[in-house]
Amino acid sequence: MNILLVGSGGREHALAWKIAASPLVTRFVAAPGNPGMAAQCELRGVAATDVAGLVGLAKEIAADLVVIGPETAVDAGLGDALAAAGIACFGPSAQAGQLESSKAFTKAFCDRYGLPTSAYAVCESAAEAKTALDRFEPPYVIKADGLAAGKGVVIAPERAEAEAAIDDAFGGRFGAAGARVVIEEFLEGEIGSLFALCDGKDSMVFGWAQDHKRAFDGEQGPNTGGMGTYSPAPVFTPELVEQVRTRLVEPAFAGIAADGAPYRGVLFVELMATKHGPKLVEFNVRFGDPECQVLMLRLESDLVPYLQACAEGRLSQMPPPVWSDESAVCVVVAAKGYPGTPAAGGEIRGTEANFGAGQVVFHAGTKRDAEGVLRAAGGRVLNVCARGATLREARDRAYAAVDAIDFADGFCRRDIGWRAL
Ligand code: GLY
């Protein structure tokens, strides 16, 4: 079959690596892709939000399936346009995508369908948001309502910092995404990421992982899109997985279908395991980045039939996925300055080294210059991943690979997986 994969980050490189290993694939194209993905597929320079261009490309290559990586493509309406063109698509409609594209929508959705989440206030102005802080205890959680590439969340220990974050958002730091702000109760507990597939009616849990959100070791520094992941994560006991499935996953899929937007694709449930059970932190309408990387390393089953079954309404015919008993770790190497202003253009050497078994380097934000030199082109630049018989072995292998790469402008956390170790 012919597949078009949309996106250009580390998540998409991990998906490309796994899709390319499928014996079902005849032609495999990614748009726009990244230099690392060139090892797995043909790259075509169509942006992830160029809906007309992507529908045209899907027709040109006679795609049997389009796989949407990033939320920006969901929000741009790619799933809807592909459905209108009669092309099978793994990825939800823009209406269902509101579960990620508007935090205010999701909070109201949780109220409507009884999903457990934190107390909140939706604020339309800085003055309203500052007054709303009175109703919350520190630390204050301030979120831009819209899509902000994982950078729209501030956890402020002090009120002055919370007010500054509110001013920043309404001052335009996140563009239109910050025109509305959601203030949330801070949840105590352990955070986790669980994934579930849905084909519009049937659903299936599809793995879990734990991410490190803060930029620096010891959970210090600003929130990021994620600095490293590991899977399996001990927080996900069978009891917790079952609670998340029945209290969050199934009500979410039933609710969004009742709203008239049956879900096709993967739903990423970011949750806090609290002493009162799991509570929703947020939904994302795509695989996590960098959670996807460790899931793909541990997934023994062929991914393609699952993506296709979601697109074609046949998920009930699929067996549960098979996961390796091994652990996987992903270390994000970011450009210095991330998540603020990352150093641009730093040279990277050594990513094509012959790493050992189970070590993989995914590109997340790279480009080749006119001379073919690999350079940083984003905040999160590389995802250095490894598998091992134990989490410690996987982590040691991942850091050995990090140390073999020469990227003077980069940094990474050195404590990925500390909670489980
Ligand atoms: N790692 C969190 C995210 O993908 O948003």
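Up top is the structure these notes are about.
Fair warning: this is a prediction, and the values are worked out from it, not measured in the lab. (Residues numbered from 1 in each chain as written. Predicted model: local features only at pLDDT ≥ 70, side-chain atom pairs only at ≥ 80, totals over all residues. Heavy atoms only, no water.)

Asker: Help me understand the pattern of salt bridges in this model?
Answerer: Where side chains of opposite charge bring their charged atoms close, a pairing between them can arise. Evaluated as defined, the whole model comprises 30 salt bridges. E71 serves as the salt-bridge partner of R286, at 3.1 Å between the closest nitrogen and oxygen. Of this pair, R286 sits in the loop between β16 (277-284) and α10 (291-298) while E71 sits in helix α3 (residues 71-75), and the two are 215 residues apart along the sequence. Exposure class is identical for R286 and E71. Each is buried. For R159, the salt bridge is made with D134, and the minimal N-O distance between the two is 2.9 Å. Residue R159 is located in helix α8 (residues 159-170), and its partner D134 is located in the loop between α7 (126-132) and β7 (140-144); the two are separated by 25 residues in the primary sequence. (Salt bridge = Lys/Arg side-chain N within 4 Å of Asp/Glu carboxyl O. Helix = DSSP H or I, 4+ residues; strand = E, 2+ residues; numbered from the N terminus. Buried < 20%, exposed > 50% of the residue type's maximum accessible area, 1.4 Å probe, protein only.)

Asker: Just checking my understanding: could you explain the sheet that holds strand β1 (residues 2-7) for this structure?
Answerer: In a beta sheet, neighbouring strands pair by backbone hydrogen bonds and run either parallel or antiparallel. Taken in spatial order, the 5 strands make up an open sheet running β3-β2-β1-β4-β5, and their pairing is parallel. In this open sheet, the two strands that pair with only one neighbour each are β3 (42-43) and β5 (89-90). Bridge count between β1 and strand β2 (residues 27-32): 6 bridges; the pairing is parallel. By the bridge assignment for β2, I3 is matched with F28. In this fold helix α1 (residues 10-20) packs onto β1, β2 and β4 (65-68), with an angle of close to 165° to the strand it touches most, β1. Set on the sheet, helix α2 (residues 51-60) makes contact with β1, β2 and β4; between it and β1 the angle comes to about 160°. (Pairing = 2+ DSSP bridges. Contact = heavy atoms within 4.5 Å. Axes fitted to C-alpha atoms, helices over the stretch in contact; angles between N-to-C directions.)

Asker: What is the right way to read the site of the ligand from this model?
Answerer: In the region of the ligand, the neighbouring residues are D211, K213, G225, F268, N284, R286, G288, D289, P290 and E291. At 2.7 Å from an oxygen atom of the ligand is found a side-chain nitrogen or oxygen belonging to R286. A distance of 2.8 Å is found between a nitrogen atom of the ligand and a side-chain nitrogen or oxygen belonging to E291. For the ligand, whose unbound accessible area comes to 200 Å², protein coverage reaches 93%. (Near = heavy atom within 4 Å. Polar contact = N/O pair within 3.5 Å; in protein donor to acceptor, adjacent residues only side chain to side chain. Areas by Shrake-Rupley, 256 points an atom, 1.4 Å probe, with all protein chains shown as cover.)

Asker: It is not clear to me how the packing of α1 against α10 should be interpreted in this structure. Could you clarify?
Answerer: The geometry of a pair of packed helices is captured by two quantities: the angle between their axes and the separation between those axes. α10 packs onto α1 with a crossing angle of 15° between their chain directions and a minimal axis gap of 8 Å. Taken together, α1 and α10 sit at an angle that is classed as roughly parallel. Seen from above, α1 lies across α10 with left-handed handedness. Residues G10, R11, A14, L15, W17 and K18 of α1 form the contact with α10, whose participating residues are C292, Q293, M296 and L297. (Parallel < 35°, antiparallel > 145°, perpendicular 65-115°, else oblique. Left-handed = near helix turned anticlockwise from the far one by under 90°.)

Asker: It is not clear to me how the packing of helix α6 (residues 103-113) against helix α9 (residues 238-258) should be interpreted in this structure. Could you clarify?
Answerer: Put simply, α6 and α9 touch, their axes get as near as 10 Å, and they point 100° apart. Comparing the axis directions of α6 and α9 gives the class roughly perpendicular. Along the contact surface, α6 presents F105, F109 and Y113, while α9 presents P251, A252, G255, I256 and A258. In the contact of α6 with α9, the residues fall into 7 nonpolar, 1 polar and no charged. (Nonpolar A, V, L, I, M, F, W, Y, C, P; charged D, E, K, R; others polar.)

Asker: Is there a simple way to explain the nonpolar core in this structure?
Answerer: What tends to happen in soluble globular proteins is that the nonpolar side chains get buried as a cluster. Membership of the largest hydrophobic core comes to 75 residues, with the highest contact counts inside it found for L4, L78, L99, Y263 and V269. Broken down by element, this core gets its largest block of residues, 8 residues, from α9. Once residues lying within four places of it in the same chain are set aside, the contact partners of L4 are V29, A30, A31, L54, L57, A58, I61, A63, L65, V66 and V67. In terms of nonpolar packing, the next biggest core, distinct from the first, is built from 43 residues, V25, A30, L297 and M318 among them. (Core = buried A, V, L, I, M, F, W, Y, C linked by side-chain atoms within 4.5 Å.)

Asker: Can you help me understand the packing of aromatic side chains in this one?
Answerer: Ring pairs (aromatic) are described by centroid distance and by the angle formed between their planes. As enumerated under the stated definition, the model contains 11 aromatic pairs in all. Residues F206 and W323 carry aromatic rings whose centres are separated by 5.5 Å and whose planes lie at 70° to one another, so their mutual orientation is edge-to-face. Remark: W323 occurs in the loop between α11 (304-312) and β17 (327-335) and F206 occurs in strand β11 (residues 203-211); sequence separation between them is 117 residues. Here a set of aromatic residues connected by ring pairs shows up, and it is made of F90, F195, F268 and F287. (Phe/Tyr/Trp six-rings, centres within 6.5 Å; stacked < 30°, edge-to-face > 60°.)

Asker: Quick question: what am I supposed to make of α2 here?
Answerer: Count 3.6 residues to each turn of an α-helix, and residues three or four apart come out pointing the same way. Listing the buried residues of α2 in full gives V51, L54, V55, L57 and A58. In an axial view of α2, the angular spread of the buried residues amounts to 160°, which keeps them on one side of the axis. When the buried face of α2 is taken as reference, the exposed residues oriented beyond 90 degrees from it are A52, K59 and E60. The inward-facing, buried residues of α2 contact β1, β2, β4 and α4 (78-84). Immediately beyond the C-terminal end of α2, within one or two residues, lies A62, with a positive phi of roughly 50°. (Arc of directions from axis to C-beta.)

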